[in-house]
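Analysis of the macromolecular model
Chain residues, written in single-letter form:
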Amino acid sequence: MRNICCLNQISHYGTDRLTGDYKLVDDMKDAEGILVRSASLHETEFPAGLEAIARAGAGVNNIPLDECAKKGIVVFNTPGANKNGVKELVLAGLFLTSRDVVGGIEWCREHAGEEDISKKMEKSKKAFAGNEIRGKKLGVIGLGAIGCEVANAAAALGMEVYGYDPFISVNAAWMLSRSVKHIMDVNTIYKDCDYITVHVPLLDSTKEMINQAAFDQMKDGVVILNYARDLLVNDDDMAEALKSGKVKKYITDFPNAKTSAMDGVIATPHLGASTEESEDNCAVMAADELKDYLENGNIKNS
Ligand code: MLT
């Protein structure tokens, strides 16, 4: 019997696969494998018998990778398993930046049931007029599974998509996302794009990459989307950029004390992968990776 500790928010489609030779244990001290979603394991004392950790998601910044490497604990993630869920929320973000849907909804709530609503509506409509995203330039920074998915969908909507990936070659990136018109350096994205969306992992090299130096290169009125990791953006610099109008809209999946309540900001509580479908896909992929390793010693996606 192999003991698996399932830490949080793992869809039952994943744990249902751990039958037969597997026992789900509550206490981590007995675990040979761990299934985890977003809980941080940085302060966790790993048991001596722990062999592998599978993260039901793309990012692994909630896992102490150096410690795992030292102790020979194999770490898996689930690349691509939630790409559709995240892509759909990024598209929602793109639409929300260009059309004042939120303002319109609030207006309807405020005026619900009023007699002369049609007349008032005609007067107020102008204030909610927006723009279309078709023909606008979108810069996608990071062309992994999610970035490529976003790039291809945005291109299908008629956006001119520029892509840049700090970790793969231009040719490899082109093979992954043929709808990206120009694979350029990041500075070109900063200079030319109307919308910029980040899809890179959180590493020392990417931490706070969206900062004053980056804003200095960007167009006035640029729109920034961050559905990847909170610390990719320097919040103080973002607050200043919003105040000065350098950034017109900031769409982020990470609430924070400095910018969430500011005009022009639409923040959500890390909902990108929070769809039943993405949660099921991630849980199943993570459980299968764990089993394949514990049973056969196979290492995929680690
Ligand atoms: C990811 O890294 O893919 C996300 O953080 C997944 C999640 O929301 O759990």
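Residues numbered from 1 in each chain as written. Predicted model: local features only at pLDDT ≥ 70, side-chain atom pairs only at ≥ 80, totals over all residues.

Quick look at the sheet that holds strand E7 (residues 160-164) now. Reading across from one edge, E8-E7-E6-E9-E10-E11-E12 is the order of the 7 strands in this open sheet, with parallel pairing throughout. The strands lining the two open edges of the sheet, one partner per strand, are strand E8 (182-183) and strand E12 (265-267). Relative to strand E11 (residues 247-252), strand E10 (residues 222-226) is paired through 5 bridges, and the arrangement is parallel. Paired with Asn226 across the two strands is Thr252, which belongs to E11. In the packing of helix H3 (residues 83-98) onto the sheet, the strands contacted are strand E9 (195-198), E10, E11 and E12, and the crossing angle to E11 comes to about 150°. (Pairing = 2+ DSSP bridges. Helix = DSSP H or I, 4+ residues; strand = E, 2+ residues; numbered from the N terminus. Contact = placed C-beta atoms within 7 Å. Axes fitted to C-alpha atoms, helices over the stretch in contact; angles between N-to-C directions.)

Our focus in this paragraph is the nonpolar core. Counting 78 residues, the largest nonpolar core has Leu35 and Ala286 as its most contacted members. Among the elements that make up this core, the one with the highest residue count is helix H11 (residues 276-296) (7 residues). Composition of this core by domain shows at least three residues from each of domain 1 (2-79 + 276-296) and domain 2 (83-267). In this view, Ala286 contacts Gly14, Leu35, Ala54, Arg55, Ala56, Phe76 and Thr78; residues no more than four positions away in its chain are not counted. (Core = buried A, V, L, I, M, F, W, Y, C linked by C-beta atoms within 7 Å. Buried ≥ 20, exposed ≤ 12 C-beta atoms within 10 Å, placed from the backbone. Domains from an automatic or database assignment.)

The next point concerns the pairing of strand E4 (residues 52-55). Along E4, one buried face is formed by Ala52 and Ala54 and the opposite face, lined by Ile53 and Arg55, is buried too. Looking at chain direction, strand E3 (residues 33-36) and E4 are connected through 4 bridges and run parallel. Note that in E4 the partner of Val36 across the bridge is Arg55. Examined bridge by bridge, E4 and strand E5 (residues 74-76) share 3 bridges and lie parallel to one another. The residue bridging Ala52 from the neighbouring strand is Val74, located in E5. The parallel pair E4 and E5, bridged by helix H2 (residues 65-71), forms a crossover whose chirality is right-handed. (Right-handed = clockwise from strand over helix to strand, strands pointing away.)

On the secondary structure map, Pro47 appears in the loop between E3 and E4. As for Pro47 and Gly272, which are separated by 225 residues in sequence, their C-alpha atoms are 32 Å apart. Setting aside its immediate chain neighbours within four residues, Pro47 contacts Met28, Lys29, Asp30 and Ala31.

Now for the site of the ligand. Around the ligand sit Arg37, Ser38, Gly57, Ala58, Gly59, Asn82, His270 and Ala273, and those are all the residues in its vicinity. Classifying every residue of the shell around the ligand by side-chain character gives 2 nonpolar, 5 polar and 1 charged. (Near = placed C-beta within 6 Å. Nonpolar A, V, L, I, M, F, W, Y, C, P; charged D, E, K, R; others polar.)

On to helix H4 (residues 101-111). The buried fraction of H4 amounts to 0 of the 11 residues, a small share that puts the element mostly on the outside. Looking one or two places after H4, you find Gly113, whose phi comes out positive at around 85°.

For the chain, the domain assignment lists domain 1 (2-79 + 276-296) and domain 2 (83-267). The straight-line distance from the C-alpha centre of domain 1 to that of domain 2 is 32 Å. The partner domain 2 presents 8 residues to the 6 residues of domain 1 that form the contact. Considering only residue class, the side of domain 1 that touches domain 2 consists of 2 nonpolar, 3 polar and 1 charged.

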